[in-house]
Structures are given as C-alpha cells and as structure tokens.
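An overview of the molecular structure
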Amino acid sequence: MSMENTLDSDEIDLAKLIRNLWQGKWIIVAWTATLILLMLCYALLRTPIYKIESIISHAQSSSLIPIQPSILDIAGVHSVPQLDQNVIYNSTLLQLDSINVLREFWSIYSPDEAKGDDDKFRSFVNGLSIESVNPKAPEPQSKRIVARFSEPKEGEDTLNAYLEFLGKRVQMQFIEDVNRSFKASLVTVDNSISLLEEDAQKNLSYELLKLKENYEIAKSLKITATPYKDLENIGLTILDGRDYLLGTDALTLQINMLSARQGQSMRAYNKRINDLFLARSIIESDIAKLVEFKGFVSMFKIENRAESSIDHIGPKKLILLIGGLIAGLFFGCLHVLLVNLMKRDGD
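Residues numbered from 1 in each chain as written. Predicted model: local features only at pLDDT ≥ 70, side-chain atom pairs only at ≥ 80, totals over all residues. Heavy atoms only, no water.

Description of the overall build of the protein chain
For the protein chain, the helix and strand inventory stands at 10 helices and four strands. Out of the 347 residues belonging to the protein chain, those deemed buried represent 31%. For the protein chain, the share of sequence-separated contacts (at least 6 apart) that also reach a separation of at least 24 residues comes to 80%. In the form shown here, the protein chain has an accessible surface area of approximately 22,300 Å², with 58% of it arising from carbon and sulfur atoms. (Helix = DSSP H or I, 4+ residues; strand = E, 2+ residues; numbered from the N terminus. Buried < 20%, exposed > 50% of the residue type's maximum accessible area, 1.4 Å probe, protein only. Contact = heavy atoms within 4.5 Å. Areas by Shrake-Rupley, 256 points an atom, 1.4 Å probe, with all protein chains shown as cover.)

Focus on unusual backbone geometry
Look at Lys 222: it is not a glycine, yet its phi comes out positive at around 55°. Along the chain, the position of Lys 222 falls in the loop between α7 (152-220) and α8 (248-261).

What about the packing of aromatic side chains?
Under the criterion given, the structure shown has 11 aromatic pairs. Where Phe 105 meets Phe 165, the ring centres are 5.6 Å apart and the plane angle is 45°; that geometry is what we call tilted. Residue Phe 105 is found in helix α4 (residues 99-109), and its partner Phe 165 is found in helix α7; the two are separated by 60 residues along the sequence. Across the pair, exposure class does not vary: Phe 105 and Phe 165 are buried alike. The interplanar angle of 50° and the centroid separation of 6.1 Å between the aromatic rings of Phe 124 and Phe 149 together place this pair among those described as tilted. Of the two residues, Phe 124 sits in helix α6 (residues 118-126) while Phe 149 sits in strand β3 (residues 143-149), which places them 25 residues apart along the sequence. The residues Phe 124 and Phe 149 share a single accessibility class, namely buried. In this structure, Lys 25 is placed above the aromatic ring of Trp 22, and the distance from its NZ or CZ to the ring centre is 4.5 Å. (Phe/Tyr/Trp six-rings, centres within 6.5 Å; stacked < 30°, edge-to-face > 60°. Lys NZ or Arg CZ within 6 Å of the ring centre and 35° of its normal.)

What about a nonpolar patch on the surface?
There is a patch of nonpolar side chains on the surface, built from Ile 27, Trp 31, Phe 330, Phe 331, Leu 334, Leu 338 and Leu 341 and spanning about 600 Å² of accessible area. Contributions of two or more residues to the nonpolar patch are made by α2 (25-45) and α10 (317-346). If you tally residues by element for the nonpolar patch, the top one is α10, at five residues. Relative to the helices and strands, Phe 330 resides in helix α10. (Patch = residues over 30% accessible without salt bridge, like charges linked within 9 Å, V, L, I, M, F, W, Y side chains within 5 Å. Salt bridge = Lys/Arg side-chain N within 4 Å of Asp/Glu carboxyl O.)

So, the environment of Ala 147
Its place among the elements puts Ala 147 in strand β3. Discounting chain neighbours no more than four positions away, the residues touching Ala 147 are Tyr 50, Lys 51, Ile 52, Gly 127, Leu 128 and Leu 159.

Brief notes about the nonpolar core
One finds Ile 56, Leu 128, Tyr 162 and Met 299 to be the most contacted residues of the largest nonpolar core, which totals 46 residues. Listed by contribution, the elements that provide at least two residues to this core are β1 (50-58), α3 (85-96), α4, α6, β3, α7, α9 (271-293) and β4 (300-308). If one sorts the elements of this core by residue count, α7 sits on top with 14 residues. (Core = buried A, V, L, I, M, F, W, Y, C linked by side-chain atoms within 4.5 Å.)

What about the environment of Glu 131?
With respect to the helices, strands and loops of the structure, Glu 131 is situated in strand β2 (residues 129-132). With 12 residues separating them along the chain, Glu 131 and Lys 143 place their C-alpha atoms 5.7 Å apart. Apart from residues no more than four positions distant in its own chain, Glu 131 is found in contact with Ser 142, Lys 143, Arg 144 and Val 146.

What about the pattern of salt bridges?
Going through the model one piece at a time under the given rule, you end up with 14 salt bridges. Among the ionic pairs, Lys 120 bridges to Glu 154, the shortest N-O distance being 3.8 Å. Linking Lys 120 in helix α6 with Glu 154 in helix α7, this pair joins segments that are 34 residues apart in sequence. We classify Glu 154 as partly exposed; its relative accessible area is 32%. Here Lys 202 and Glu 198 are joined by a salt bridge, their closest N and O atoms 3.8 Å apart. You can see Lys 202 and its partner Glu 198 sitting in helix α7, four residues apart, about one turn around the helix. Among the residues examined, Lys 202 registers a relative accessible area of 54% and is labelled exposed. Exposure remark for Glu 198: the relative accessible area of 42% places this residue in the partly exposed category.

Observations regarding the pairing of β1
Taking burial as the measure, the nine residues of β1 include seven buried ones, the bulk of the element. Bridging between β1 and β3 involves seven bridges; their strand directions are antiparallel. If you follow Tyr 50 over to β3, its bridge partner there is Phe 149. Relative to β4, β1 runs antiparallel, the two sharing six bridges. Paired with Ile 56 across the two strands is Ile 302, which belongs to β4. (Pairing = 2+ DSSP bridges.)

Below is the structure:
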C-alpha cells in the first residue's frame, strides 16, 4: 500500500512539474531566444579565422652534398661524421613548436608595434600545430604545419617566413657543429705533424752527427774517395758502420744535403707527414665549402608553401546556435522551477 502511494506521489509531482514548466513557457522561450541571439551576434561580430597549411619533409641526401664532410682514409685521420638528413629533420620538428624558437622568430619578424604584444604572440603560438600527413604510415615523414590567422595573406606570409627562419636556424646549428668538428680535426692533425716533424729533425741531427764523425775519420785517414781496389775482394758487409770508407767527397755531399733539410719541413721525405698535410688540405677545403654554400643548402624540404583555406574555419555558427539553444532551455527551465519553489515556500 505504501509503495502505491509513493508511485502516485511521483506521478503527481511529475505532472505538476510539467504543468509548471508549461505555465512558464514564455520565460523559457525568452531565455532561449536571448541566448540564441547572443550566440548569433557573437558569431557575426567575431573575426573569422582561416587555416594556413604548409607541408614539409626531410631533405634528400643529395641536397646536403655541398656541405658534407669528405671521407678521409689517409694517415689514420678520423673523418668528421656525415650529416644525416633524418637527424636534421627530427631536430627541425623538435624546434618547430619550441616556445624559445617561436619567440626568437617573433622578435625578428613581427613589426615593432607587435613585438611587445603578448596577446598577438600567444595567438600565433596557440594557433600553430604539427600534424602527420599520413598518420597510418609506419614512419610518417611528411608533416603538415598548421597556423590560424584572421588575415589569410598575413598568415601565409608569416608561416612562410617562419619556415625560412627555421631552415636557416637549423642550418646554422648543424654547420657550427660540423665546423667545430673540423677545427678539432685540424688541431689533431697539426699536433701529429708537429710531433712527426720534431722526431724527423731529431733523426736528421743524429744522421748528420754520424756523417760528420765518419768525415773526420776519413779526413784523418786521407780517404777522399772510396778505395774500390782495396775493397775488391772484401765482402760488402764490412762497410756496415764504416761510412768513413765512402771518402770525404761523398760524405761532404751527404752532409751538405742533410744540413739543407734542417729547420725545413720533412714532408717531402716522410710519407706519414705528407699524408697528414694532405688530410689537412682536405679539411681546410671542407671548411671553405661551409662558408661558400652556407645559406644555399635546404636542411628540410618544403613540399608546398603556406596556403590559406578558402572558407574560414571559425567561429562555427551552427555549434554556437545549438549551444545557445541548449543553454537557453536549461536556464529557462531552471528559472521557472526556482520561481515555483519560491512561491511554494511563501505559501
């Protein structure tokens, strides 16, 4: 019996609720119409937003050839690591939406009156995004760079300028890394040359000392030329360690020849030193290439430059109107229920 009374009470309350809402229908209509009108005014007065898109991908290995380090296989000198287009591309994507990089670009590109406008900069940052062109690919390479602007032409110019700025920044970063590696290799090669030249000069001094000692012996024995007749039946090995038997004439020529080499580079007489000089010239040529081609090498490929959408993407009028309708119905019903609750409490 108690359960039947409860069900009857619920039915009466529900019927009363519907009757109260119907009686206050004009309040609900007023709320709904007001909010729909406000949403419509907002949609009409709000500046339209356009979508700006550009597609980039990693550079082809052939495009990096002008600044690629040469492969050294001489004198044991280690080559500077080759530039990897995938590493460069990943670095580009990491920097693309970096706040520090974006702020650096904004400080250079934006007009003077906009440089201190944090709202405009924030709008630029919030409207920038990176999307995969083909997300289902195992390793999506091409990326769609999306920006949102109220002025299509301004958006296209800004996004193109940003990609150009980013390309130069990435290029400078990797060229500086390669240049530091080149300079480190040069220091290593120069140190090796210096040590080998010093060692060669010491050996030269030692050879000269021996020749001069043999010259003095030959001079004291009055041997001016090799006494071939006296040595005719003697094995040649007897001459080992007895260079004074060459005679003063031959020894003088050798002494003069070796003396002329003192203080000079031993490159012409030492293959190891000559190879190091060759490696040095290759590295210097690579450094010159970096200077010559800096600014002419693309670190990533721009598949298509920034283009604006034909129609604006916001604000969404239909969504705003539906939102106004739902909000109007909600607040209207709430208003009617609160009014009826207050009347009942008053009674």
